[in-house]
Amino acid sequence: MASYALANLKAERFALVDDGTPYGKSLIAGVQSLFKKKGNEAALTASLDAKTTTFDDLIAKIKQFD
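Residues numbered from 1 in each chain as written. Predicted model: local features only at pLDDT ≥ 70, side-chain atom pairs only at ≥ 80, totals over all residues. Heavy atoms only, no water.

## Here we look at a nonpolar patch on the surface
Part 1: Taken together, the side chains of M1, Y23 and L27 present a nonpolar region at the surface, about 380 Å² in accessible area.
Part 2: Within the secondary structure, L27 sits in helix α2 (residues 22-37). (Patch = residues over 30% accessible without salt bridge, like charges linked within 9 Å, V, L, I, M, F, W, Y side chains within 5 Å. Areas by Shrake-Rupley, 256 points an atom, 1.4 Å probe, with all protein chains shown as cover. Salt bridge = Lys/Arg side-chain N within 4 Å of Asp/Glu carboxyl O. Helix = DSSP H or I, 4+ residues; strand = E, 2+ residues; numbered from the N terminus.)

Here it is as structure tokens:
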């Protein structure tokens, strides 16, 4: 996931969002680790629980990076 994003998306900033589960948190930790090895860092990381239905706060934070 991280390798693909860094190689193909050509984005300057990334937001990493997990679903609050141990699996999701582990995936994001792996992505963050590879980002650091490649000299990148996520502009935003967020952890949401499975019951989240409103994403307005997250969207507002992501829009700050436009």
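## Describing the pairing of strand β2 (residues 44-47)
Part 1: Residue alternation in β2 divides its side chains into a buried set, L44 and A46, and an unburied set, T45 and S47.
Part 2: Sheet analysis places strand β1 (residues 15-18) next to β2, joined by 4 bridges and oriented parallel. Among the inter-strand pairings, V17 is bridged to a residue of β2, identified as A46.
Part 3: For the segment spanning β1, α2 and β2, crossover handedness is right-handed. (Buried < 20%, exposed > 50% of the residue type's maximum accessible area, 1.4 Å probe, protein only. Pairing = 2+ DSSP bridges. Right-handed = clockwise from strand over helix to strand, strands pointing away.)

## As for the packing of aromatic side chains
Part 1: On inspection of all chains with the given rule, the structure shows 1 aromatic pair.
Part 2: Judged by centre distance (4.9 Å) and plane angle (50°), the ring pair of F14 and F35 falls under tilted. Of this pair, F14 sits in the loop between α1 (2-9) and β1 while F35 sits in helix α2; the two residues are 21 residues apart in sequence, bridging distant segments of the chain. Of the two residues, F14 and F35, both sit in the buried class. (Phe/Tyr/Trp six-rings, centres within 6.5 Å; stacked < 30°, edge-to-face > 60°.)

## Notes on the side chain of D18
Part 1: The residue D18 is located in strand β1 in this model.
Part 2: Among buried charged residues, D18 stands out as having no salt bridge; its nearest opposite-charge side chain is K25, 4.5 Å away. (Lys, Arg positive; Asp, Glu negative; His and termini not counted.)

## Details of the environment of K25
Part 1: Structurally, K25 can be placed in helix α2.
Part 2: Considered as a pair, K25 and R13 are 12 residues apart in the sequence and their alpha carbons are 20 Å apart.
Part 3: When residues no more than four places from it in sequence are discounted, the contact partners of K25 are D18, G20 and S47. (Contact = heavy atoms within 4.5 Å.)

Fair warning: the whole summary comes from geometry, so function is off the table for now.
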